[in-house]
Amino acid sequence: AKGIISYNRFEAATSTEEGAGHLSRAEKSFNKAIEQDPRNFLALEYLALIFERRNDYQMAVTWLVRAKHLSPKAHWGALNFHIGRIYMLMKNEVRAETYLQLSLQEGGHLAQTYYLLGYMRFENGRYLDSIEYFEEAKFYALRKINRRSDPRLGENKINRIDENIDRSPDRLLLQTIYFYL
């Protein structure tokens, strides 16, 4: 997987109109990487993202499932999260639920997974159930932010956590959770 950029950076780079023009070139590069190494599960993940950007969700799921079969078991939680997330986009709640629950069992993107499960319940009018999931999402997001703060700060640690929340990529997730709660 040499030379492959991080998933988040690739997602950000292709989310703009200008970046979307790079999808064809990126697709060719990832296909070439797979030709050179058919077990390159990271290239398969990026192909899934390309198809997701094109709103071809079924192909995105297909590439993610192939990636899962080739990836180390420690990576399955993250892949199940993305498969479940795409099934949500496809409005297939049964499969979304299945893969998101698998993601929880395998420790993949806990805060985001709990959030999506809470959101699904909220949208279906299961408000009390949704609160439990949103609370778990909040717990894991805050725990992740807390790990980023400096433990040597002592009493100032709370202020540092608040600062880290403001700078955290999970800030929007937390703001959304607080909206539902």
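What comes next is a walk through the structure.

Reading guide: rules and limits
Residues numbered from 1 in each chain as written. Predicted model: local features only at pLDDT ≥ 70, side-chain atom pairs only at ≥ 80, totals over all residues. Heavy atoms only, no water. Phe/Tyr/Trp six-rings, centres within 6.5 Å; stacked < 30°, edge-to-face > 60°. Helix = DSSP H or I, 4+ residues; strand = E, 2+ residues; numbered from the N terminus. Buried < 20%, exposed > 50% of the residue type's maximum accessible area, 1.4 Å probe, protein only. Lys NZ or Arg CZ within 6 Å of the ring centre and 35° of its normal. Core = buried A, V, L, I, M, F, W, Y, C linked by side-chain atoms within 4.5 Å. Contact = heavy atoms within 4.5 Å. Axes fitted to C-alpha atoms, helices over the stretch in contact; angles between N-to-C directions. Parallel < 35°, antiparallel > 145°, perpendicular 65-115°, else oblique. Left-handed = near helix turned anticlockwise from the far one by under 90°. Nonpolar A, V, L, I, M, F, W, Y, C, P; charged D, E, K, R; others polar. Expected span 1.5 Å × (residues − 1). Arc of directions from axis to C-beta.

### Regarding the packing of aromatic side chains
Given two aromatic rings, one states the distance between the centres and the angle between the planes to describe the pair.
Okay, step 1: Counting across every chain of the model gives 9 aromatic pairs.
Okay, step 2: An angle of 5 degrees between the planes, with centres 5.0 Å apart, marks the rings of Phe 30 and Tyr 46 as stacked. With Phe 30 in helix α3 (residues 23-36) and Tyr 46 in helix α4 (residues 41-53), this residue pair connects regions lying 16 residues apart in the sequence. The pair Phe 30 / Tyr 46 is uniform in exposure class, with both members buried.
Okay, step 3: Through successive ring pairs, a cluster of aromatic residues spans Tyr 114, Tyr 133, Phe 139 and Tyr 140.
Okay, step 4: In this structure, Arg 54 is placed above the aromatic ring of Phe 51, and the distance from its NZ or CZ to the ring centre is 5.6 Å.
Okay, step 5: The ring of Trp 76 is capped by Lys 68, whose NZ or CZ atom sits 5.5 Å from the centre of that ring.

### A closer look at the nonpolar core
Okay, step 1: Residues Phe 30, Trp 63 and Leu 100 are the most contacted members of the largest nonpolar core, which totals 38 residues.
Okay, step 2: No other element matches the 8 residues that α4 contributes to this core.

### Side note on the environment of Leu 64
Okay, step 1: With respect to the secondary-structure elements, Leu 64 resides in helix α5 (residues 57-70).
Okay, step 2: Filtering out sequence-adjacent residues up to four positions away, Leu 64 remains in contact with Glu 45, Ala 48, Leu 79, His 82, Ile 83 and Ile 86.

### Observations regarding the packing of α3 against α4
Okay, step 1: For the pair α3 and α4, interaxial distance at closest approach is 9 Å and the crossing angle is 155 degrees. Put simply, α3 runs roughly antiparallel to α4. Crossing hand, α3 versus α4: left-handed. For the pair α3 and α4, the contacting residues are Leu 23, Ala 26, Glu 27, Phe 30, Asn 31, Ala 33 and Ile 34 in the first and Ala 43, Leu 44, Tyr 46, Leu 47, Ile 50, Phe 51 and Arg 53 in the second.
Okay, step 2: Classifying every residue of the contact of α3 with α4 gives 11 nonpolar, 1 polar and 2 charged.

### Thoughts on the environment of Arg 143
Okay, step 1: Structurally, Arg 143 can be placed in helix α9 (residues 127-148).
Okay, step 2: The partly exposed category is assigned to Arg 143, whose relative accessible area is 39%.
Okay, step 3: Measuring from C-alpha to C-alpha, the distance between Arg 143 and Ala 111 comes to 9.3 Å, with 32 residues separating the pair along the chain.

### Let's talk about helix α7 (residues 93-105)
Okay, step 1: Between its first and last C-alpha, α7 extends 18 Å over 13 residues, near the 18 Å set by a 1.5 Å rise per residue.
Okay, step 2: Restricting attention to buried positions, one finds in α7 the residues Ala 96, Leu 100, Ser 103 and Leu 104. Looking straight down α7, one finds its buried side chains confined to an arc of 100 degrees; they lie on one side. α7 presents Val 94 and Gln 105 as exposed residues on the side facing more than 90 degrees away from its buried surface.
Okay, step 3: In this structure, the buried side of α7 is in contact with α6 (76-89) and α8 (110-123).
Okay, step 4: Gly 107 lies just past α7 and shows a positive phi near 75 degrees.

### Details of α5
Okay, step 1: Spanning 14 residues, α5 covers 20 Å between terminal C-alpha atoms, matching the ideal 20 Å at 1.5 Å per step.
Okay, step 2: Turning to α5, its buried residues are Ala 60, Val 61, Trp 63, Leu 64, Ala 67 and Lys 68. Viewed end-on, α5 has its buried residues packed into an arc of 165 degrees, placing them on one side of the element.
Okay, step 3: On its buried face, α5 is in contact with α3, α4 and α6.

### Thoughts on unusual backbone geometry
Okay, step 1: Phi at Lys 91 takes a positive value of approximately 65 degrees, unusual for a residue other than glycine.
Okay, step 2: Tracing the chain through its elements places Lys 91 in the loop between α6 and α7.
Okay, step 3: For Lys 91, a relative accessible area of 71% translates into the label exposed.
Okay, step 4: A positive phi is found at His 109, a non-glycine position, where the angle reads about 45 degrees.
Okay, step 5: Here His 109 shows up in the loop between α7 and α8.
Okay, step 6: Judged by its relative accessible area of 34%, His 109 falls in the partly exposed class.

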